[in-house]
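Listed below are the residues making up each chain.
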Amino acid sequence: MGNMTEKRRLELEKYFDPKGSFASLRMAQMKRAWKQSNRRELNWLENTYIPTLMEGLWLTSKHFFYNLTFHVFHLFGLYKEIPAAVTYQYPEKPRPLALRLRTRHRLTKREDGSVRCVACMMCETICPARCIEITAAEHPDPNIEKYPFEFNIDLGKCVYCGFCVEACPEDAIRMDTNKLDIAEYTRQNMIYNKKRLMEG
Ligand code: SF4
Ligand code: SF4
């Protein structure tokens, strides 16, 4: 058994090569693989899967009867302060989202309906996913230096970090639309242009 273990260790060392740069990372990977490949054998009872099956049934039943009991109590106005689990019928009834959750972007507008963005490029510069593309143009109003002729965000690349919102000096970009269901059939459709972003 001792020889077998040593043999396995040498095999793993060869595979993960715990030397050179990233050695500590490789060592961690090796330890994980080591742990996984050294699981003990199941005994005959465990091999029948009955204990695991019973454990699963117990857990499911526990939640089922807990929720059923408290939903019945709630119907009679009792124990209202103790919550019971509910299933949201998504997409017909979406789950309420936390107020501070970062959701799909929008470009805010001035009172006259024009885009608030002044094409300062702060968001484009800070974006870690490099998914914002702005083309700046001269604004006809001499009080406003520039505006974004084009403003594209590739939501297929965005990591929803919110840095663009934090960096904006004009409060021109927000992530408060509460929209998260933005799946599309093509990558191209995941690129939101200025018009789509201004629609909110
Ligand atoms: S949320 Fe983050 S990744 Fe997405 S556009 Fe803004 S800065 Fe880029
Ligand atoms: S940081 Fe704000 S003002 Fe500057 S380009 Fe981005 S959205 Fe526009």
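## Some thoughts on the overall build of the chain
Moving on, step 1. Of the regular secondary structure elements, the chain holds 7 helices and 5 strands.
Moving on, step 2. The globule rule puts the C-alpha radius of gyration for 200 residues at 16 Å, and the 28 Å found for the chain is more than 25% above it.
Moving on, step 3. With the C-alpha coordinates aligned to their principal axes, the bounding extent of the chain is approximately 80 × 65 × 30 Å.
Moving on, step 4. For the chain, buried positions account for 11% of its 200 residues.
Moving on, step 5. A sequence separation of at least 24 residues applies to 60% of the contacts in the chain between residues at least 6 apart.

## So, the site of ligand 1
Moving on, step 1. Of all residues adjacent to ligand 1, which total 13 residues, the nearest are Cys127, Ala129, Cys158, Cys161 and Cys164.
Moving on, step 2. Residue classes in the shell around ligand 1 are distributed as 12 nonpolar, 1 polar and no charged.

## Quick look at the sheet that holds strand β3 (residues 146-154)
Moving on, step 1. Strand order in the open sheet formed by 3 strands is β2-β3-β5, with antiparallel pairing between adjacent strands. Strands with a single pairing partner mark the edges of an open sheet, and in this sheet they are β2 (132-138) and β5 (191-192).
Moving on, step 2. Across 2 bridges, β3 lies against β5 in antiparallel orientation. When the sheet's bridge partners are listed, Ile153 is paired in β5 with Tyr192.

## Section: the site of ligand 2
Moving on, step 1. Around ligand 2 sit 13 residues, and of these Cys117, Cys120, Met122, Cys123 and Cys168 come closest.
Moving on, step 2. Tallied by class, residues from the shell around ligand 2 come to 12 nonpolar, no polar and 1 charged.

## With respect to helix α4 (residues 50-75)
Moving on, step 1. Taking 1.5 Å of rise per residue, 26 residues should cover 38 Å, and α4 covers 37 Å from first to last C-alpha, within 8% of that figure.
Moving on, step 2. In terms of residue burial, α4 counts as a barely covered element, since only 0 of its 26 residues are buried.
Moving on, step 3. Positive phi appears at Gly77, one or two residues downstream of α4, with a value of about 75°.

## Digging into the nonpolar core
Moving on, step 1. Leu107, Cys117, Cys123, Ile132, Cys164, Cys168 and Ile173 are the most contacted members of the largest nonpolar core, which totals 18 residues.
Moving on, step 2. Secondary-structure elements contributing two or more residues to this core are α5 (122-126), β2 and β3.
Moving on, step 3. Residue contributions to this core peak at 3 residues, all from β3.
Moving on, step 4. With residues near it in sequence (within four places) discarded, Cys168 still touches Met122, Cys123 and Ile173.

What counts, and at which threshold
Residues numbered from 1 in each chain as written. Chains lettered and ligands numbered in written order. Predicted model: local features only at pLDDT ≥ 70, side-chain atom pairs only at ≥ 80, totals over all residues. Helix = DSSP H or I, 4+ residues; strand = E, 2+ residues; numbered from the N terminus. Rg over C-alpha atoms; globule rule 2.2 N^0.38 Å. Buried ≥ 20, exposed ≤ 12 C-beta atoms within 10 Å, placed from the backbone. Contact = placed C-beta atoms within 7 Å. Near = placed C-beta within 6 Å. Nonpolar A, V, L, I, M, F, W, Y, C, P; charged D, E, K, R; others polar. Pairing = 2+ DSSP bridges. Expected span 1.5 Å × (residues − 1). Core = buried A, V, L, I, M, F, W, Y, C linked by C-beta atoms within 7 Å.

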